[in-house]
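Coordinate inspection notes
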Amino acid sequence: MDLSAIYILSTQDVAETITETVSNNLNIITWDMFVQYFQDSFPTVLDFCMKVIIAVIVLLIGRRIIRFVMKAICRSLDKTSLETGMKQHLETMIRVVLYCVLILIVLGRFGITASSVIAIIGSAGLSIGLALQGTLSNFAGGVLILMVHPFKVGDYIKEDTSGNEGKVMEIQLFYTKLVTLDNKVIVVPNANLTGSSLTNMTQQDRRRVDIRVGISYHADIRKAKEVISRVAQEEPKLLEGEPVKVFVDELAESSVVIGLMVWVKTDDYWEVKWRLTENVKYALDENQIEIPFPQVTVSYEKASES
């Protein structure tokens, strides 16, 4: 017999066997069995649905209670003398704890106890620790910031590693929010702020304004220093008792750089710096003291005729 014919006969036998088996099983499953199965499973399904409904109700009520409690806690913290960053940190931690308790209560409706959750977390501790390594570092950084106080809410800081800078708006559990001068919000991980150097520009109550201006080598240095000193003395927001220093800072390639140092309140820094820079330019122009700028001089010789 041909092999292809044998293959066709075998396929037909298998198909007939499958069809017969399915028909027998369909004959076994009757409508009464389906009804009985539904009746047996209905209490379990109903119980699960009731648990879900109760859990949702508990969740909604719990959220409202947490909001009410947090408002009361915030009002209490506002009456204390704690730093703003510490208040924000405590509020966040209390909110997290309350929501964790609420989640455990909801899970309890399904028979999951707190000890079971702790056991699961403990058994998966290494994996969870590796997965949350960065998050835990940021949390530890937030705690360290509140303990060491390298800066506080309201300070203007600059992260030296990446160059992010701005006024500290909020210190959270894992991140610190900065507001830039053009009103942008920068979210910086706390680990970055504690793991590298940063500059706090407003921690002290006074700052030094440094201005550098170049004058021509042909200009009278003494006169230029007198003009710049007079401009500085006329600035109304200089701190009393602090000296005004005017000096030759550098002999550059194309100019003599005159330096000016004055002391002002930290809050007045930018206002004074901008005003002094502008007034120095006006005063030098009025006294015909040249401020040089890069120039290129091209000279050529006429070829001699042979």
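Residues numbered from 1 in each chain as written. Predicted model: local features only at pLDDT ≥ 70, side-chain atom pairs only at ≥ 80, totals over all residues. Heavy atoms only, no water.

Strand pairing in a sheet takes place through backbone hydrogen bonds and is either antiparallel or parallel in direction. Here we have 5 strands laid out as an open sheet, ordered S4-S3-S2-S1-S5, and antiparallel in their pairing. Every other strand in the sheet has two partners, leaving strand S4 (185–189) and strand S5 (198–200) as the edge strands with one partner each. Across the sheet, the axes of successive neighbouring strands diverge by a mean angle of 40 degrees, strand direction being ignored. Of the strand pairs in this sheet, strand S2 (residues 165–171) and strand S3 (residues 175–179) are connected by 4 bridges, and their pairing is antiparallel. Residue pairing for S3: Glu170 is matched across the bridge by Lys177. (Pairing = 2+ DSSP bridges. Helix = DSSP H or I, 4+ residues; strand = E, 2+ residues; numbered from the N terminus. Axes fitted to C-alpha atoms, helices over the stretch in contact; angles between N-to-C directions.)

Turning our eyes to something else, we now look at helix H8 (residues 221–233). Between its terminal C-alpha atoms H8 stretches 18 Å, which fits the 18 Å expected from 13 residues at 1.5 Å a residue. For H8, the full list of buried residues reads Ala224, Val227, Ile228, Val231 and Ala232. For H8, the buried positions fall inside an angular range of 135 degrees around the axis, keeping them on one side. Set apart from the buried face of H8 by more than 90 degrees, the exposed residues are Arg222, Glu226 and Gln233. (Expected span 1.5 Å × (residues − 1). Buried < 20%, exposed > 50% of the residue type's maximum accessible area, 1.4 Å probe, protein only. Arc of directions from axis to C-beta.)

What follows deals with the pattern of salt bridges. Under the defined criterion, the tally for this structure stands at 10 salt bridges. Notably, a salt bridge pairs Glu271 with Lys237, separated by 3.0 Å at the nearest N-O pair. Taken together, the residues Glu271 in helix H9 (residues 269–286) and Lys237 in the loop between H8 and strand S7 (245–251) connect sequence positions 34 residues apart. In this structure Glu271 comes out as partly exposed when scored by relative accessible area, which is 34%. Sharing partners across several salt bridges, the network here consists of Glu235, Lys237, Asp268, Glu271 and Arg275. (Salt bridge = Lys/Arg side-chain N within 4 Å of Asp/Glu carboxyl O.)

None of the figures reported here should be taken as evidence of function without further support.
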